Amino acid sequence: MIHPTPTKTLLTTTFESLVIQLSSVLARGTRLLERFVHAEPTPEATMAFERELSDLLREVGRRIMAWTLNRREPDADNEAPLRVSFEGRLYRRRRQHPHVVGTFFGPVTLWRRLYEPLGYRGRSIHPLELRLGIEAGLATPALAERVGYLATDHTQNEVLEIVERDHGVSWSCTSLRNLLGSLRVGMAPHLEDAQVEQVLGWIEQARTSKGRFRPTLSVGRDGIFVPLRGGVAQEGATATVSVLDRRGKRVGTVYLGQMPESGQGTITDQLSSLLKVILTQVDSHSLRLVYVSDEGHHPSTSYHQVLKQMVDPRRPWRQLEWRRIVDFYHACQYVQQLADTIFGAGVEAQNWAKAMRHVLKTKADGVARVLKSASALRRRRGLFGQVKLYHKAYRYLKRRSAWMKYALYRRQKLPIGSGITEAACKIVFTQRLKRSGMSWTIAGGQVIVDLRVIRLSGVWNEVHQRYLASKPLPLPCVDTATAAQHQPLAA
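Reading guide: rules and limits
- Residues numbered from 1 in each chain as written.
- Predicted model: local features only at pLDDT ≥ 70, side-chain atom pairs only at ≥ 80, totals over all residues.
- Heavy atoms only, no water.
- Pairing = 2+ DSSP bridges.
- Helix = DSSP H or I, 4+ residues; strand = E, 2+ residues; numbered from the N terminus.
- Buried < 20%, exposed > 50% of the residue type's maximum accessible area, 1.4 Å probe, protein only.
- Salt bridge = Lys/Arg side-chain N within 4 Å of Asp/Glu carboxyl O.
- Axes fitted to C-alpha atoms, helices over the stretch in contact; angles between N-to-C directions.
- Contact = heavy atoms within 4.5 Å.
- Left-handed = near helix turned anticlockwise from the far one by under 90°.
- Nonpolar A, V, L, I, M, F, W, Y, C, P; charged D, E, K, R; others polar.
- Parallel < 35°, antiparallel > 145°, perpendicular 65-115°, else oblique.

Participant: Explain the pairing of strand β9 (residues 315-319) to me, please; I cannot follow it from the model alone.
Facilitator: For a regular strand, side-chain orientation follows a simple rule: the groups alternate between the two sheet faces. Both strand β8 (residues 311-312) and β9 contribute to a ladder of two bridges, which runs antiparallel. Bridging across to β9, D312 finds its partner in R315. Connecting the antiparallel pair β8 and β9 is a turn made up of two residues.

Written out as structure tokens, the structure is:
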């Protein structure tokens, strides 16, 4: 592949200079076509032709990109603004400097002018890079977006290999991390707004569906252990917000994820904020609000201290009516624990547990029947297992029986299991962060988690476009007096 280093003179003169640059590439393309057309076609020749043609077309695009991007800033100093303001600060013009940035077509040399802070200490800026949206000084917006998307599903080394193979851009691990960190900082603040729009669209779709019941807004939360540096594992957290139609069929799900954190306050705040904004824009009376999870510490605390206390944004004088559902499959684990302590491990325990799971799922008083059967068997047979395990399972089912009306939930087309949230643990964390030999820092893992939930929520393009539109741009100042109106200079 051709990788000539473009000179400043050719990149900043007329359009004819671009034609001159492309002429040698086009001539090579002509020779390539003639050679392939007049030769005997073979699979090997076809493959070689296609690859070389791809390289040539990429080289054409690279040269066009280099020429075009460098035309966006005047070459002569006296044609460039003497002062620019950016984010309330004033900067003065200095010289142009070359810098290599990655594009879809390969690396290009960008000549951009440096502007240094005026009247105070701080970092200098390159207005051309800011206006072009160069991410972390490394890549154009299109390439940066693709790299971020790749990183949500591929390891660091895999991303670097793909970028070098497909775009001819070679980066170090540090450069890749800087780019991903910059992308995450820019995109994460726009996640909630995009998720709200996504959920509202699903609710509208659910309203038009056929069925007897109101659409359902189903919320779940769960934890998963994440391998951290130093050989330790701590509990991260996921949360989901799903919309179910009038027949109880899932329309879509948005996701949240947080690396291990004491108290898990961040994901609690994120989930609460997301729900409040959604319910500000849609009447809660038109929905069935459901919280489905196991009875772990954080999921339980989230219900009792947050959801149960949440007021209706449209009716602040009353609380929202959440229906709590304990995950059926976790309840079944305690039914099995009862069976093992009554019968001991074996076929008899398996048969009784199977029958009780059916009772729990299909009978109106399922929990009461399971507990009554367990009590009768204990009195008649005694216990084979530990008494503490029996009482633990018995108390778990009895104390939560009000949230285990699975026969009723099934008739009303409500979810009885937290499978959506359980799956979130897998797709948010396990598939990307828990591969063989992986360990993470909290900060490094959160970059990937934040980018991954944007993608999994189906709002990647929307969030990235919002991010690009929100980027601040430098403004030229006509004169010093005008510039002073933007910001008083420091003494």
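Further notes follow.
Participant: Would you explain helix α5 (residues 141-151) in this entry?
Facilitator: Since the α-helix advances by 3.6 residues per turn, residues separated by three or four positions end up pointing in the same direction. Across the 11 residues that make up α5, a large majority, eight, are buried. Taken together, the buried positions of α5 are P141, L143, A144, E145, V147, G148, L150 and A151.

Participant: Explain the pattern of salt bridges here, please?
Facilitator: Any two side chains of opposite charge can pair, so long as their charged atoms come close to each other. With the rule as written, the count across this model stands at 25 salt bridges. Of the charged contacts, one joins R435 and E158 as a salt bridge, the two residues approaching to 3.8 Å between their closest N and O atoms. Of this pair, R435 sits in the loop between α16 (419-433) and α17 (442-456) while E158 is found in helix α6 (residues 156-167), placing the two residues 277 residues apart along the sequence. Sharing partners across several salt bridges, the network here consists of R28, R35 and E52.

Participant: It is not clear to me how the sheet that holds strand β10 (residues 322-326) should be interpreted in this structure. Could you clarify?
Facilitator: The pairing of strands in a sheet happens through backbone hydrogen bonds and is either parallel or antiparallel. Reading across from one edge, β6-β5-β4-β7-β10 is the order of the five strands in this open sheet, with mixed pairing throughout. Lying at the two open borders of the sheet, with one neighbouring strand each, are β6 (250-258) and β10. For this sheet, the mean inter-axis angle between neighbouring strands, taken without regard to orientation, is 25°. Pairing geometry for strand β4 (residues 216-228) and strand β7 (residues 288-293), over four bridges, is parallel. From the neighbouring strand, T216 faces β7, where its bridge partner is R288. Relative to β6, helix α8 (residues 191-207) is tilted by about 160°, and along the sheet it contacts β4, β5 (232-244) and β6.

Participant: So what exactly am I meant to see when it comes to the sheet that holds strand β3 (residues 106-117) here?
Facilitator: Taking strand neighbours across the sheet as the criterion, the four strands line up as β3-β2-β1-β11 in an open arrangement whose pairing is antiparallel. Only two strands of the sheet have a single neighbouring strand rather than two, namely β3 and β11 (475-477). Each strand of the sheet is rotated relative to its neighbour by a mean of 45°, with strand direction disregarded. Of the strand pairs in this sheet, strand β1 (residues 83-86) and strand β2 (residues 89-103) are connected by four bridges, and their pairing is antiparallel. Its bridge partner lying in β2, F86 is registered against R89. Packed on one face of the sheet, helix α3 (residues 43-70) meets β2 and β3 and runs near 15° to β3.

Participant: How do you make sense of the packing of helix α11 (residues 328-343) against helix α12 (residues 347-362) when you look at a structure like this?
Facilitator: Packed helix pairs are characterised by how far apart their axes lie and by the angle those axes make with each other. Direction vectors running N to C along α11 and α12 enclose 145°, while the axes themselves pass 9 Å from each other. Every pair of crossing elements has a handedness; the one defined by α11 and α12 is right-handed. Across from F328, A331, C332, V335, Q336, L338, A339, D340 and F343 in α11, the residues of α12 making contact are E348, A349, Q350, W352, A353, M356, R357, L360 and K361. Partitioned by chemical class, the residues of the contact of α11 with α12 number 12 nonpolar, two polar and four charged.

Participant: Teacher, can you tell me more about the packing of α11 against helix α13 (residues 366-381) here?
Facilitator: In the contact formed by α11 and α13, the axes pass within 10 Å of each other and the chain directions differ by 10°. Relative to α13, α11 is oriented roughly parallel. Handedness of the crossing formed by α11 with α13: left-handed. Counted together, V335, L338, I342 and F343 of α11 and V370, A374, L377 and R381 of α13 form the full contact between these two elements. Taken together, the residues that form the contact of α11 with α13 break down as seven nonpolar, no polar and one charged.

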